Amino acid sequence: MIRAAGAVVWRGEETDPEIALVHRPAYDDWSLPKGKLRHGEHVIAAALREVREETGLRVVLGRALPPVHYLKDGRLKRVDYWLARDPGDGRAAGGDGEEVDEVVWLPIEEAARRLSYDWDRRLLRAVGAAPLTTTPLVFLRHALAGSRQEWKGDDDHRPLDERGLAQAEILATVLGAYRPERLVSSHSRRCTQTIGPYAERHGLEVRGEKALSESGYDPREAERLVRESLAAAEAAVLCSHGKVLPALLGMAGEALHRTRSADLALAKGGFAVLHHAAGRAVTLERYVT
């Protein structure tokens, strides 16, 4: 399968948004910004890169949209899309002059008429299915940290192994898709190391909390931290452990009036993004690293 990623980039008022379309002279078509994943590239990193290359914009991702599937030269192609917005409201948009020679902003109905492909037009219908503006709360499981049985010291001091350190570097780019400024982590070394590269890259501090660890888990204090993160105006990350994260998600679900809690089984280095708006859960997305 061919994998690609892109975004429906919007600007303006949520009640009357404009959508960015790109013109590709090689195909003489109008499409949404997207492109193929590079070898080993995370799908979210690919979406950010392709949007930047084709529009010049450094966007922040919102909720995921339904993936698009179609045949390309007899092979199945999957394109993952997200809603996205440029903090500068798209004023710097412009094509690279090679693959893309023009970027235009159009209202949704006009954009649908301009698009060259039915699958892009169908994707625009999903844009209005939920709020365009959401705040993400990321539930992050620490990266790979070797064998617990082989570690001789205090388990809270167990560090990431070589593969885990590589995952943390990937996360430094991928978490940047949401621009979180509030970073709360279990005080365990493997958790703070997982989120550390992102924090260092953006000049942020990681708030270590024993209540989010396996050794010192405190449900009451953990719930306070979850609700505090949900109440914050900015995107946030809660980094913890596989045994703790399902409880944290359940607390968030209760705070956001979800009718049922979701099962949060995450691989090490994996994360889930809970998008919320106006005190309600909008979407829950799960990713591997």
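See the structure printed just above.
(A) The pattern of salt bridges, seen in detail. Summed over the entire model, instances satisfying the criterion amount to 21 salt bridges. Residues D155 and R190 are paired through a salt bridge, measuring 3.0 Å at the closest nitrogen-oxygen approach. With D155 in the loop between β8 (135-141) and α4 (162-174) and R190 in helix α5 (residues 189-202), this pair connects stretches of sequence that are 35 residues apart. A salt bridge links R207 to E228; the shortest N-O distance between them is 2.9 Å. Of this pair, R207 sits in strand β10 (residues 206-209) while E228 is found in helix α6 (residues 219-231), placing the two residues 21 residues apart along the sequence. Residues joined in a network through salt bridges with shared partners are R182, R207, E209, E221, R224 and E228.

(B) Main features of the sheet that holds strand β11 (residues 236-240). The mixed open sheet is built from six strands, whose spatial order is β10-β9-β11-β8-β12-β13. Strands with a single pairing partner mark the edges of an open sheet, and in this sheet they are β10 and β13 (280-287). On average, each strand axis in the sheet is inclined to that of its neighbour by 20 degrees, with strand direction left out of account. Note: strand β12 (residues 271-277) against β13, seven bridges, orientation antiparallel. Paired with H275 across the strands is T283, a residue of β13. Contacts from α6 reach β8, β9 (182-186), β10, β11 and β12, with the element oriented near 155 degrees to β10.

(C) Spatial organisation of the pairing of β9. Among the five residues in β9, five count as buried, and that is most of the element. Two strands pair when backbone bridges link them, and β9 and β11 are joined in this way by four bridges, in the parallel orientation. Residue pairing across strands places V184 opposite L238, the latter belonging to β11. Handedness of the β-α-β unit built from β9, α5 and β10 comes out right-handed.

(D) Main features of helix α7 (residues 245-255). Listing the buried residues of α7 in full gives L245, L248, L249, M251, A252, G253 and A255. Where α7 is buried, its residues contact β8, α6, β11, β12 and β13. A positive phi of about 65 degrees marks H257, the residue just after α7.

(E) Spotlight on helix α1 (residues 43-55). Taking 1.5 Å of rise per residue, 13 residues should cover 18 Å, and α1 covers 18 Å from first to last C-alpha, within 8% of that figure. Of all 13 residues making up α1, eleven are buried, and the element is well covered by its neighbours. Taken residue by residue, α1 has V43, I44, A45, A46, A47, L48, R49, E50, V51, E54 and T55 as its buried positions. G56 lies just past α1 and shows a positive phi near 80 degrees.

(F) Inspection of the environment of R49 at higher detail. Here R49 shows up in helix α1. Its relative accessible area of 7% is what places R49 among the buried residues. Between the alpha carbons of R49 and D161 there is a distance of 28 Å; along the sequence they are 112 residues apart. Once you skip the residues sitting within four places of it in the chain, R49 turns out to touch K36, L37, R38 and E41.

(G) How the structure looks around unusual backbone geometry. Of note, D28 is a non-glycine position whose phi angle comes to about 50 degrees, a positive value. On the secondary structure map, D28 appears in the loop between β2 (16-24) and β3 (29-31). For D28, a relative accessible area of 59% puts it in the exposed group. Although it is not a glycine, A278 adopts a positive phi angle of roughly 50 degrees.

(H) The arrangement of the nonpolar core in detail. Counting residues in each nonpolar core, the largest one holds 37 residues, and the members touching the most others are V9, I44, L61, W82, Y178 and F271. The leading source of residues in this core is α1, at six residues. In this structure, V8, V68, L124 and V127 belong to the second largest nonpolar core, which totals 23 residues.

(I) Broad picture of the packing of α6 against α7. The contact between α6 and α7 brings their axes to 9 Å, and the two run at 55 degrees. When the interaxial angle is binned, α6 and α7 end up oblique. The interaxial crossing formed by α6 with α7 has right-handed handedness. Touching P219, A222, E223, V226, R227 and L230 of α6 are L248, M251, A252, E254 and A255, all from α7. Taken together, the residues of the contact of α6 with α7 sort by class into eight nonpolar, no polar and three charged.

Analysis parameters
- Per chain, the residues get numbers from 1 upward, laid out in the order the sequence is written.
- Local features in this predicted model are restricted to residues whose pLDDT is 70 or higher, and side-chain atom pairs enter the listing and the counts only when it is 80 or higher, whereas totals over whole chains, interfaces and linings include all residues.
- Side-chain numbers come from the whole structure's heavy atoms, not from hydrogens or water.
- What makes a salt bridge here is a side-chain nitrogen of Lys or Arg within 4 Å of a carboxyl oxygen of Asp or Glu, nothing more.
- In DSSP terms, a helix is any run of H or I states spanning at least four residues, a strand is any run of E spanning at least two, and both are numbered starting from the N terminus.
- Any two strands between which DSSP finds at least two bridges are classified as paired.
- Orientation is described by lines fitted to C-alpha atoms, with helices fitted over the stretch in contact, and by angles between N-to-C directions that extend from 0 to 180 degrees.
- Should any heavy atoms of two residues lie within 4.5 Å, those residues are counted as being in contact.
- Relative accessibility under 20% of the residue-type maximum defines a buried residue, over 50% an exposed one, and the middle range a partly exposed one, all with a 1.4 Å probe and only protein chains included.
- Crossover handedness is defined by viewing with both strands directed away from the observer: a clockwise path from the first strand over the helix to the second marks the crossover as right-handed.
- Given the number of residues in a helix, its expected span is that number minus one, multiplied by 1.5 Å.
- Residue types Ala, Val, Leu, Ile, Met, Phe, Trp, Tyr and Cys, when buried and joined through side-chain atoms within 4.5 Å, form a set referred to as a nonpolar core.
- Should an angle fall under 35 degrees it is called roughly parallel, over 145 degrees roughly antiparallel, and 65 to 115 degrees roughly perpendicular, with every other angle called oblique.
- Each helix crossing is assigned a hand: it is left-handed if the near helix lies turned anticlockwise from the far helix by less than a right angle, otherwise right-handed if that turn is clockwise.
- Residue polarity follows a fixed list, in which Ala, Val, Leu, Ile, Met, Phe, Trp, Tyr, Cys and Pro are nonpolar, Asp, Glu, Lys and Arg are charged, and the others, Gly among them, are polar.

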